[in-house]
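What follows is each chain in one-letter form.
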Amino acid sequence: METVGFYWIGLIFWLLIGSGLVLLIWGLWKKSWHSLLISGILLILPTLYFAGGESWVGKVIALFPLIPFTLAYYIKKRKINISNA
């Protein structure tokens, strides 16, 4: 059987990273907590791959999805407080 020349797992991996970063930038620009939440969800799987490594750098990279989640929480809470005032 021939070897596969195209690796679907790699494509999915990089699409998740790319779309997560694009949504992170979009969410920061538009101050959209929905975009930031989806960005954090998309970045969880690729960062878990890096967390499986033995170096401390991979463990630090695994904390990266916390940034969009924290920003989404902060923006949503701020919009709720503004609308109640």
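Residues numbered from 1 in each chain as written. Predicted model: local features only at pLDDT ≥ 70, side-chain atom pairs only at ≥ 80, totals over all residues. Heavy atoms only, no water.

Participant: Can you explain the packing of helix H2 (residues 33-51) against helix H4 (residues 66-84)? Please cite residues and give values.
Facilitator: Interhelical geometry of H2 versus H4 gives an angle of 160° and a closest axis separation of 8 Å. When the interaxial angle is binned, H2 and H4 end up roughly antiparallel. Regarding H2 and H4, the two cross each other, and that crossing is left-handed. Between H2 and H4, the residues in contact are Trp 33, Leu 36, Leu 37, Ser 39, Gly 40, Ile 41, Leu 43 and Ile 44 and Pro 68, Phe 69, Leu 71, Ala 72, Ile 75 and Lys 76, respectively. When its residues are assigned to classes, the contact of H2 with H4 shows eleven nonpolar, two polar and one charged. (Axes fitted to C-alpha atoms, helices over the stretch in contact; angles between N-to-C directions. Helix = DSSP H or I, 4+ residues; strand = E, 2+ residues; numbered from the N terminus. Parallel < 35°, antiparallel > 145°, perpendicular 65-115°, else oblique. Left-handed = near helix turned anticlockwise from the far one by under 90°. Contact = heavy atoms within 4.5 Å. Nonpolar A, V, L, I, M, F, W, Y, C, P; charged D, E, K, R; others polar.)

Participant: Any chance you could break down the environment of Ser 35 for me, citing the residues and the numbers?
Facilitator: Among the structural elements, Ser 35 can be located in helix H2. Judged by its relative accessible area of 10%, Ser 35 is buried. Sequence-wise, Ser 35 and Pro 68 are 33 residues apart; in three dimensions their C-alpha atoms are separated by 8.8 Å. Excluding its chain neighbours within four sequence positions, the residues that come into contact with Ser 35 are Leu 23, Trp 26 and Gly 27. (Buried < 20%, exposed > 50% of the residue type's maximum accessible area, 1.4 Å probe, protein only.)

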